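One letter stands for each residue in the lines below.
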Amino acid sequence: MSKTILRKPEAFYDAFTRKAGDDFLTTTYCPGCGHGILHKLVAEALEDFGVQKKTMFVSPVGCSVFAYYYMDVGNVQAAHGRAPAVATALKRSNPESVVISYQGDGDLAAIGGAEILNAANRGEGITVFFVNNAIYGMTGGQMAPTTLIGQPTMTTPLGRTLENEGYPIRMSEIIATLEAPVYVDRVMLGDIKSIRQARKAVRKALEIQIEKNGFSFIEVLSACPSNLKMTPVDAQKWVREVLADYFPLGVKKDISATFPGKSKERHLLPLSEIPTILDIKESKINKDIIQNFSGKDFHEEIKIAGFGGQGVLSLGIVLSEMGMRHDFEVSWIPSYGPEMRGGTANCSVHLSNKKIGSPVVDRPTVLVAMNLPSIDKFEKDVMEGGYIFYDSSLINKAPKRNDLHVIAIPATKIADELGTTKIANMVIVGAMIEKLKLMSQEIVIDSIGEVIKNKKLIGINKQAIYKGIEFIKNLK
Amino acid sequence: MAKQFLKGNEAVIKGAMLAGCTAYYGYPITPASEIAHAAAKYFPRAGATFVQAESEVAAINMVYGAAAAGERVMTASSGPGISLKAEGISYCAGAELPCVIVSIMRGGPGLGNIGPEQSDYNQLVKGGGHGNYKNIVLAPNSAQEMCDLGMLAFELADKYRNPVIVAADGFIGQMMEPVVIPEPVKEVPDKKWAVKGTPETYKNVVTSIELDFHDLEIHNQKLQKKYAIIEEQEVRYEEYRTDDADIVLVAYGISSRVAQSAVNELRSEGIKAGLLRPITLFPFPKLKIKELAEKINSFLVVEMSNGQMIDDVRLAVEGKKPVHLYNRMGGFVPTAKEVREKVITIMR
Ligand SMILES: Cc1ncc(C[n+]2csc(CCOP(=O)(O)OP(=O)(O)O)c2C)c(N)n1
């Protein structure tokens, strides 16, 4: 024989002292409202499972915004519709905890549609209680996505119509189509019997989280007598006979028997070890060599342009990386965005012994042109006395200006001879360092391996740089 | 000391992790996406959380959740995404949750373009969401500062239990520069008020609702007091050749670098120009500007917007000296030459 003990569950406060005013004994819920009943079912389960003190309850915007007056657990109040997002993070911060996301039908099915779908789809280890009372309670009885056809509300005074508002939405059925949710059920608070059924669902959902860290979704059809403008008894009857008719009760999905469970582990690396995972490499630079270069007074503004895929951006990065190894001031900026996707790319590099202002290059001292449009576009901008390096294997029209140093180099052809077109940009790097005498060839060659992503290509990149150097030497 | 050649957008992630940030929630948008890319690469290596959220709205509410749980947490976005985050940032401010939001400003309004602008100054500095609140706003002007101010952001967020915004423009995010990688912080604070799902914290509540007018007024007064302390203690700026200046340029972010080049050119022509670079946009270096207004002839604000920071400069100058504007919009970064010419016309 079981006996009934009349007391509140541990996880439900006896007196609601967080409430404003001085009445700490009655809840903020109207007589006959489903929220209070559901709170108690949840609180009772938390106590029975011994998880009260490791539970975090996310309350929504809606009538249950003040769930933290009642639930004696950790409480976080969320913005309208966003409880599943807040719950996602709470759970990921503390995977051992029990996280409840509690929402109304406006909160979950209207404004929060994206959050619930995606939290469910990710299979967050949380339990969602969805109170479907077919109306916006808190704001005074406006239409909810679950309001029934013909049901009058403040914003559908003549009743919801198909033409204007469409069909009421069945969230449980939608959630049940997703792969990740473990258990999806619709229950109601319609009479003693159905409340008992709801109690079972609540407990099962929480157990799935506690034991297997799985996602569950319990939709609870619930009465809102005040906004339905009915007595509590009539409102419950309406839930049983009308609401439950459109929203069929019962399990929509249950894979709890086969669900293997999700890990609750989170191992954060100690702070002191963070630098070890950030790809930080000390580069070993011979300070004696770079003194010969970094002492000079100079400022080069380099524009590098060509087709996407020619390694234009990486040519700039290699120059910059090498500049940094000479203790120069360096900046690199790409032309980013749609124009990159259009097939042409360019980047701007500053190398200087002075602090760099804007990283933009409007009047390059050096132009590297890897295709014809780049000559057409940038030749006119080059500073008097500046340099143009261009790939003469691809560009058959030499620059016209005669106040510049123009270096035609068949970079692509040289690269092809070495075995891959991809390293034409490195041939140009070699030509530039030989011609401009900005940097130590030794350092460039020695540290190219630190800069190239694909380590298998270090050798061929070095060869390409040598070829570029050689090409310039042979010009003399 | 290791030096690395990094994009601003990568540097801010390395800074964040060195500051003990253990959770990143974000949604991609150009020109901020490399922040998400770097977070996706490095956070899991540290056992930390990376989630690509379903929207910026979801992302900021995840930030709210992780902050409520006492974690050092961040997100990043650009104009349209920051607009979507506004409600959530207001909730963080209201609930006094420390968090870091990186905003890499692009061209607006609407979808605008992905070029650099500074047109979200008002959005970031004046709050941006609803209610009486302020973000602490840091304005890096180099990849190095993306890292360093990225770290500082977490310290300030926890110190004041307030959202901190790292406000940069597309160029500061996209640009690569050498960055000296700092040492990681020794420890992160233990937040007794947080909700962690533990016996020690289960009595805690995180909320921003205060039904009672009296209580909400008191809460607001408390927030205002906090902002006043921040204004007193956290103002940061850099001065460049202001000592004997006749005209002072005021600029932040990428504009400040252009302005500095312009100052150099002007000085070489004998024109006494200087630069004041606010590093904190809130708190704004009001007193410094007020002090400068006593001794210089005029100000020139250089901004990539319709002129937003200029309002704060004018407030600080209190009408004592003329405050001019040189601005570009649409994705253009002003050139030093343009700024120099503007100064010359003003001086004429
Ligand atoms: C962004 C935003 N929009 C609107 C509101 C106003 N609002 C508060 S509660 C609510 C509807 C709540 O209805 P429901 O989710 O069904 O919960 P119930 O009150 O019925 O429990 C609305 C629209 C808000 N607080 N925030």
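Going by the structure above, here's the rest.
Residues numbered from 1 in each chain as written. Chains lettered and ligands numbered in written order. Predicted model: local features only at pLDDT ≥ 70, side-chain atom pairs only at ≥ 80, totals over all residues. Heavy atoms only, no water.

K.L.:
If you had to explain the overall build of chain B to someone new, which residues and values would you point to?
P.N.:
The helix and strand tally for chain B stands at 12 helices and 16 strands. Since a compact globule built from 348 residues should have a radius of gyration of about 20 Å, the 20 Å found for chain B is in line with a globular shape. Summarising its shape, the C-alpha atoms of chain B cover approximately 70 × 50 × 40 Å along the three principal directions. Burial status across chain B gives 66% buried among its 348 residues. Within chain B, residue pairs in contact and separated by at least 24 positions form 78% of the contacts whose partners lie at least 6 positions apart. Summed over all atoms, the accessible surface of chain B reaches about 12000 Å², with 52% contributed by carbon and sulfur. Seen as two clouds, the 38 positive and the 41 negative side-chain charges of chain B have centres 3 Å apart. (Helix = DSSP H or I, 4+ residues; strand = E, 2+ residues; numbered from the N terminus. Rg over C-alpha atoms; globule rule 2.2 N^0.38 Å. Buried < 20%, exposed > 50% of the residue type's maximum accessible area, 1.4 Å probe, protein only. Contact = heavy atoms within 4.5 Å. Areas by Shrake-Rupley, 256 points an atom, 1.4 Å probe, with all protein chains shown as cover. Lys, Arg positive; Asp, Glu negative; His and termini not counted. Charge placed at Lys NZ, Arg CZ, Asp CG, Glu CD.)

K.L.:
Kindly report on helix α5 (residues 113-122) of chain A, identifying the contributing residues and their values.
P.N.:
Looking only at α5(A), the buried set comprises G113(A), E115(A), I116(A), A119(A) and A120(A). The positive-phi residue at the C-terminal boundary of α5(A) is G123(A), with phi of around 70°.

K.L.:
So, the site of the ligand: which residues are in play, and what are the values?
P.N.:
The full set close to the ligand counts 17 residues, and H35(A), C63(A), D105(A), D107(A) and G137(A) are the nearest of them. Looking at what sits near the ligand, you find residues from chains A and B. D107(A) places a main-chain nitrogen or oxygen 2.8 Å from an oxygen atom of the ligand. The separation between an oxygen atom of the ligand and a polar main-chain atom of I135(A) is 3.1 Å. Protein coverage of the free-state accessible area of the ligand, which is 590 Å², stands at 76%. The element best represented in the shell around the ligand is helix α4 (residues 105-111) of chain A, accounting for 4 residues. Considering only residue class, the shell around the ligand consists of 6 nonpolar, 8 polar and 3 charged. (Near = heavy atom within 4 Å. Polar contact = N/O pair within 3.5 Å; in protein donor to acceptor, adjacent residues only side chain to side chain. Nonpolar A, V, L, I, M, F, W, Y, C, P; charged D, E, K, R; others polar.)

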